[in-house]
Every structure is written in C-alpha cells, then in structure tokens.
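Close look at the chain arrangement
Chain by chain, the residues:
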Amino acid sequence: MIRYALNCTDGHVFESWFQNSAAFDKQKKRGLVTCPICGSEKVEKAIMAPKLARTDIERPPAPMPPPPAPSNPQAATPAMPPMPPVPAGKSSVAIMSHQERELRQKLKELRDHVTKNANYVGGQFPEEARKMHYGEIEHRSIYGEASPDEAKALHEEGIEFHPLPILPDDQN
Ligand SMILES: [Zn+2]
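Residues numbered from 1 in each chain as written. Predicted model: local features only at pLDDT ≥ 70, side-chain atom pairs only at ≥ 80, totals over all residues. Heavy atoms only, no water.

1. What about the pattern of salt bridges?
On inspection of all chains with the given rule, the structure shows eight salt bridges. For Lys28, the salt bridge goes to Glu44, with nearest N and O atoms at 3.8 Å. Of this pair, Lys28 sits in helix H1 (residues 21-29) while Glu44 sits in strand S3 (residues 43-45), and the two are 16 residues apart along the sequence. With a relative accessible area of 26%, Lys28 lands in the partly exposed category. Classification of Glu44 by relative accessible area gives partly exposed; the value is 48%. (Salt bridge = Lys/Arg side-chain N within 4 Å of Asp/Glu carboxyl O. Helix = DSSP H or I, 4+ residues; strand = E, 2+ residues; numbered from the N terminus. Buried < 20%, exposed > 50% of the residue type's maximum accessible area, 1.4 Å probe, protein only.)

2. Brief notes about the coordination of the zinc ion
Those protein atoms acting as donors to the zinc ion are Cys8 (SG), His12 (ND1), Cys35 (SG) and Cys38 (SG), and they sit at 1.9 to 2.3 Å. Taken together, the four donor atoms surrounding the zinc ion define angles of 101 to 115° at the centre, an arrangement classified as tetrahedral. All donor residues of the zinc ion come from one chain, and their arrangement in sequence is C-x3-H-x22-C-x2-C. You can see His12 sitting in the loop between strand S1 (2-8) and strand S2 (13-18) and its partner Cys38 sitting in the loop between H1 and S3, a full 26 residues away along the chain. You can call His12 buried: its relative accessible area is 8%. According to the relative accessible area criterion, Cys38 is partly exposed, its value standing at 37%. (Donors = N, O, S within 2.8 Å, 3.2 Å for Na, K, Ca; no water. Tetrahedral: all angles 85-135°; square planar, octahedral: opposite > 155°, others 65-115°.)

3. A look at the side chain of Glu128
Here Glu128 is to be found in helix H3 (residues 125-133). Given the relative accessible area of 14%, Glu128 is considered buried.

4. Some details on the packing of H3 against helix H4 (residues 148-156)
Closest axis-to-axis distance for the H3/H4 pair is 10 Å, and the angle between their directions is 10°. It follows that H3 is roughly parallel to H4 by the angle criterion. Judged by residue contacts, Phe125, Pro126, Ala129 and Arg130 of H3 engage Glu150, Ala153 and Leu154 from H4. Of the residues assigned to the contact of H3 with H4, the class counts are five nonpolar, no polar and two charged. (Axes fitted to C-alpha atoms, helices over the stretch in contact; angles between N-to-C directions. Parallel < 35°, antiparallel > 145°, perpendicular 65-115°, else oblique. Contact = heavy atoms within 4.5 Å. Nonpolar A, V, L, I, M, F, W, Y, C, P; charged D, E, K, R; others polar.)

5. Section: the nonpolar core
Counting ten residues, the largest nonpolar core consists of Ile2, Tyr4, Leu6, Cys8, Phe14, Phe18, Phe24, Val33, Cys35 and Val43. Not counting residues within four places of it along the chain, the set of residues in contact with Leu6 comprises His12, Val13, Phe14, Ser16, Phe18, Phe24, Val33, Val43, Glu44, Lys45 and Ala46. Listed in part, the nine residues of the second largest apolar core include Ala129, Met132, Ile159 and Phe161. (Core = buried A, V, L, I, M, F, W, Y, C linked by side-chain atoms within 4.5 Å.)

6. Re the packing of aromatic side chains
Under the definition given, this model contains five aromatic pairs. Seen from their ring centres, Tyr4 and Phe18 are 5.9 Å apart, and the 45° between their planes marks the pair as tilted. Here Tyr4, found in strand S1, pairs with Phe18, found in strand S2; they are 14 residues apart in sequence, far enough to count as distant. Assigned by exposure class, Tyr4 and Phe18 land together as buried. (Phe/Tyr/Trp six-rings, centres within 6.5 Å; stacked < 30°, edge-to-face > 60°.)

In structure tokens, the structure reads:
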C-alpha cells in the first residue's frame, strides 16, 4: 500500500491509500479518485514524498531510519526574542496554526461560495430579505449590506441572515 497526499484544482489537500502507483493512475483515469471535500475528479498528487505503509506483521530486519534533522539552522535556534508590545493603531496579526489556517480557508470558501452563488443586492438587502420573509418574492440567495440598525430590525422581525466572514485580506 502507498499513501499519496493529493490535491484538487480547488486546492483541497487530502490523503488516500493505493495498492501501488499504477493503481492510482488507473483509478484516476477512471475518475474514481475524487476530492472528498468538493467531489472534483481533477486531482493531482501533491508535491510530497509518499510514505510506504508496512503491510507485514513481522518487524522488518532493518528499522526505518529516523527522519533527518531539519537542515535549516534557523529551526534549531533555541528561543525567539520576546515580542515587543504592539503599538496602538496597528492591526493585530497572528501566526496561525495549521488548523487555524484551514479554518480560515474554510471561511474564505464559504464567503466565496456565497458571493459566487448569491445575488448582490447592495443596500437593498434589508428590503429584499423582508420581501422574501413575507413571501412577496421567491426565496433566493442574496447578499448585500445592512446597517447595524437595519440588521437589528430584521432580527427582531425574525428574519434569519448571517454576516459574511471578514478576512484580514479584505482590509488590504
Ligand atoms: Zn476539492
């Protein structure tokens, strides 16, 4: 068995096991290798060394060597100097963990999905949302702007909507 890190054209990364590299090629050709996140068949091997799985039960005569130590000397630096306090007026930034980066990516996908599939109605949002809520027009996906007062009024009328996630990129 061989494990491949794969990614689709949308940039989703996932892993899958194959009997061997030929099996991967065959399954891919038949469209059987799909992205578990978006279902895309346009899947490629990620640039990453595949790991071989041990299918034997007995221990192999020679154990696998440990992974080589990072060659980057910076990685071996014992401790970072203390961070200076962030001056007022600067925007807060963060070094994100892998999970946090994934979450951020998901938010971006959500927002891209909404903005791609919904009608932009701009400042008409409260009016349009209200019309839909009261059955004056057919339900559809819309997005637009609402002032805090308008948003509050909509909530009080029981109209459900969600703020779009704002990502740091938007502020650039
Ligand atoms: Zn995908």
